[in-house]
Amino acid sequence: MQLDQASTEQLREWESALSAEYEQHKAAGLSLDLTRGKPSSDQLSLSDAILSVLGNDLSNDGGIDLRNYGGLDGIAECKRLFAPVLDVNEDEILIGGNSSLTLMYFAVLFASQMGFGDLGKGWKAGGDTVKFLCPVPGYDRHFSVCEHLGIDMIPVAMNDNGPDMDQVESLVKADSSIKGIWCVPRFSNPTGIVYSDDVVARIAKLATLAGDNFRVFWDNAYAVHSLSDNAPKLASLMAAARKAGTEDSVYLFGSTSKITYAGAGVAFVGMSAANLKAFKAHLGMTQIGPDKVNQLRHARLLKDSDGLADHMRQHAAVLKPRFDSVLKHLNEGIGDSGLLSWTAPQGGYFISVDTLPGLAKQVVAMAADAGVKLTPAGATFPYGQDPEDRNIRIAPSVPSLEEIDRAMQVFVNCVKLASVRQRLAN
Ligand code: PMP
C-alpha cells in the first residue's frame, strides 16, 4: 500500500475495505491491553522460589540482624550482586526498597531543594529556574517527577545510538540553568535503543560543558533485560566519568522490578562515595532502613552475576515470542509502505512506533473503540505533548501470544485506515 502513488479511486477502495474490517473488529467485543510495561504472571512466577529461599536462615555477611532497623545503605550481599549491574564499586551503591523511581525522585528532590554531595545549596534554593533535558520519546514518570518538582523540561531528539549529543552539548553550553538530563541508556523506554560508546563518553563529559552542578540521571532500568545473548552491551558511565574526572556528576539507578517481583523487588542507586554519604544523610530522614529481609531473599535467589544472567534468559524466553509477534504483524501488515516506522529492540519492554504526522492520537482512539487499549499518545513526551502527534508505545509483555496476535491485527488495521482517511481528506 503506497499512499502517495494511489489514485483517489484506489484510496476510496482501500478505505471501504479497511472500514469493513474495522467494523468487524469492533463487533468482536475485544478487551485487550498493550499499555504498561510490567512483567506477565508467567514472568513473575520465575521468581516464586524467593518466597521460600530463606527458610529460617537469616544469617548475613555483616552479621547484623536483618529483622531489625538499620543498615540504610543495604546489605553487603546485594551490593556485591548489583554493583556490577551499574558498574560501580561496592562502596558506591545503596540498596533501597522496592522502587528505583522513589530513589530517583529523592535524588532530584534533594538536589533541587537541599543539595547534596558537592552541589552546595539546592539548585532551587534561591528560587532559581531549573531545567532538565529530556530525550524524547522517553519515560513518562521521569517527566512527571520534573513537573511535580517544578523543573522545566526541554525535549531533545533521540537517534538510533542515544540522545542527539550535538543538540545536548550545545544546549548545556548555552544555558547554565540546565541542571540535569534523564537517560535510559540500555533498551531505552520506549525506543529500545542502546546508547553507543561514543554517546556514553560524551554524556560523561557533559558536566565539563554545563553550568555548575549539572547531573546525569542514568536510569538503567533495563540493564540486564536483553532478549538474546548477543544484544548490544552498554559502556560503563562511571568508568567514563572517572576518566573525565566527573564522577560526582553521575547518579545511576536500577532495580529488580522486572527481574523478580515488580511490586516487591529491590532498587539501587550508584554514586561516588562522597555523593552517597551526603545522599544518605537526607535519605536517613525518610526511613530508618530498607527491607533487608527482602534484600537477602534476592541475594539468595539470584546468587551472583551468572545466576542473574540465567534468570534473565528465562525472562527472555517468555518475552521474545511476544516481541516477535508484534514485529511480524508490523512487517507483514505495514511493511515498507511508509505508514509507520518502528524499532526492533533487542531488550527492554517496549516497541516504539511513529505514525504519519498527526495520527497517533487518532490511532490510539480508534484502537480503544475496537477494544485495544494503548498507552495514551503523547505520554512519551514532556507535558504529554508530542509536537508531531506520531509516537505510540507498544508494551507486549502482559498479554498472551493469542491476545497480542489479535490486538496487533486491530492495530495494523487502525494505522492503515487512519492513514488512508488522512490522505483522502488532504
Ligand atoms: N525507569 C524506567 C525507565 C521504567 O521503565 C520503569 C518502569 N516502567 C521504572 C524506572 C520504574 O522502576 P521501579 O519499579 O524500580 O520504580
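Residues numbered from 1 in each chain as written. Predicted model: local features only at pLDDT ≥ 70, side-chain atom pairs only at ≥ 80, totals over all residues. Heavy atoms only, no water.

## Examining the environment of Leu252
Logical step 1: Within the secondary structure, Leu252 sits in strand S8 (residues 250-255).
Logical step 2: Classification of Leu252 as buried rests on a relative accessible area of 1%.
Logical step 3: For the pair formed by Leu252 and Leu103, sequence separation is 149 residues and the distance between their alpha carbons is 10.0 Å.
Logical step 4: When residues no more than four places from it in sequence are discounted, the contact partners of Leu252 are Leu86, Val88, Trp218, Leu237, Met238, Phe268, Val269 and Gly270. (Helix = DSSP H or I, 4+ residues; strand = E, 2+ residues; numbered from the N terminus. Buried < 20%, exposed > 50% of the residue type's maximum accessible area, 1.4 Å probe, protein only. Contact = heavy atoms within 4.5 Å.)

## Observations concerning the site of the ligand
Logical step 1: Among the 13 residues in the neighbourhood of the ligand, the closest are listed as Ser100, Asp219, Tyr222, Ser255 and Ser257.
Logical step 2: Here an oxygen atom of the ligand sits 2.5 Å away from a polar atom, N or O, in the side chain of Tyr222.
Logical step 3: Side-chain polar atom of Ser257 to an oxygen atom of the ligand: 2.6 Å apart, as the coordinates give it.
Logical step 4: The fraction of the free accessible surface of the ligand (400 Å²) that becomes covered by protein chains is 90%. (Near = heavy atom within 4 Å. Polar contact = N/O pair within 3.5 Å; in protein donor to acceptor, adjacent residues only side chain to side chain. Areas by Shrake-Rupley, 256 points an atom, 1.4 Å probe, with all protein chains shown as cover.)

## Concerning the pattern of salt bridges
Logical step 1: Inspection of every chain in the model, using the stated rule, returns 16 salt bridges.
Logical step 2: Here Arg202 makes a salt bridge to Asp166, at a shortest N to O gap of 2.7 Å. Residue Arg202 is found in helix H7 (residues 197-204), and its partner Asp166 is found in helix H6 (residues 165-174); the two are separated by 36 residues along the sequence.
Logical step 3: Asp166 gets classed as exposed once you look at its relative accessible area, which sits at 53%.
Logical step 4: One salt bridge in this structure joins Lys320 and Asp324, with 3.1 Å as the shortest N-O distance. Residue Lys320 and its partner Asp324 are located together in helix H12 (residues 305-333), separated by four residues, close to a single helical turn.
Logical step 5: Residue Lys320 is classed as partly exposed on the basis of its relative accessible area of 33%.
Logical step 6: By relative accessible area, which is 34% here, Asp324 ends up partly exposed.
Logical step 7: One connected set of salt bridges, linked through shared partners, spans Asp166, Glu169, Asp198 and Arg202. (Salt bridge = Lys/Arg side-chain N within 4 Å of Asp/Glu carboxyl O.)

## Here we look at the packing of helix H4 (residues 100-114) against helix H5 (residues 140-148)
Logical step 1: Look at H4 against H5: their axes get within 10 Å of each other, and the N-to-C directions meet at 35°. In this structure, the crossing between H4 and H5 has a hand that is right-handed. Side by side, H4 and H5 meet where Leu101, Met104, Tyr105 and Val108 of the first sit next to Arg141, His142, Val145 and His148 of the second.
Logical step 2: Within the contact of H4 with H5, the residues separate by chemical class into five nonpolar, two polar and one charged. (Axes fitted to C-alpha atoms, helices over the stretch in contact; angles between N-to-C directions. Left-handed = near helix turned anticlockwise from the far one by under 90°. Nonpolar A, V, L, I, M, F, W, Y, C, P; charged D, E, K, R; others polar.)

## Some words on unusual backbone geometry
Logical step 1: In this model, Val136 is joined to Pro137 through a cis peptide bond whose omega is -5°.
Logical step 2: Structurally, the position occupied by Pro137 is in the loop between strand S3 (131-136) and H5.
Logical step 3: Looking along the chain, the bond that leaves Asn189 and enters Pro190 is cis, with omega of 10°.
Logical step 4: Along the chain, Pro190 turns up in the loop between strand S6 (178-183) and H7.
Logical step 5: With phi around 60°, Tyr383 is a residue other than glycine that occupies positive phi space.

## Here's the deal with the sheet that holds strand S13 (residues 391-394)
Logical step 1: Strand order in the open sheet formed by three strands is S10-S11-S13, and the pairing between neighbours is antiparallel. Either end of the sheet is taken by a strand with one partner, and the two such strands are strand S10 (340-342) and S13. When the angles between neighbouring strand axes are averaged without regard to direction, this sheet yields 25°.
Logical step 2: Looking at chain direction, strand S11 (residues 351-355) and S13 are connected through four bridges and run antiparallel. (Pairing = 2+ DSSP bridges.)

## So, the sheet that holds strand S5 (residues 162-163)
Logical step 1: Read across the sheet, eight strands follow the order S2-S9-S8-S7-S6-S3-S4-S5 without closing on themselves; strand pairing throughout is mixed. Every other strand in the sheet has two partners, leaving strand S2 (93-95) and S5 as the edge strands with one partner each.
Logical step 2: Relative to S8, strand S7 (residues 215-219) is paired through four bridges, and the arrangement is parallel. Looking across to S8, one finds that Asp219 is bridged to Phe253.
Logical step 3: On top of the sheet, helix H9 (residues 237-244) reaches S7 and S8; it is set at about 170° to S8, its chief contact.

## Some details on the domain arrangement of the chain
Logical step 1: According to the domain assignment, the chain contains domain 1 (3-43 + 309-425) and domain 2 (57-304).
Logical step 2: Computed from C-alpha coordinates alone, the two centres of domain 1 and domain 2 are separated by 31 Å.
Logical step 3: Listed by partner, the interface residues are 27 residues for domain 1 and 34 residues for domain 2.
Logical step 4: For the pair domain 1 and domain 2, the summed buried surface comes to about 2,500 Å²; carbon and sulfur atoms form 62% of the total.
Logical step 5: A per-residue breakdown of the area domain 1 buries against domain 2 is headed by Met312, Gln346 and Tyr383, which together make up 24% of the total.
Logical step 6: At the surface where domain 1 touches domain 2, the tally comes to one salt bridge.
Logical step 7: The salt bridge involving Arg313 is made with Asp229; its shortest N-O contact spans 3.1 Å.
Logical step 8: Linking domain 1 to domain 2 there are nine residue pairs in polar contact (both at pLDDT 80 or more).
Logical step 9: The leading source of residues in the side of domain 1 that touches domain 2 is H12, at eight residues.
Logical step 10: In terms of residue class, the side of domain 1 that touches domain 2 is built from 13 nonpolar, 10 polar and four charged. (Domains from an automatic or database assignment. Buried area = accessible area lost by both parts, 1.4 Å probe.)

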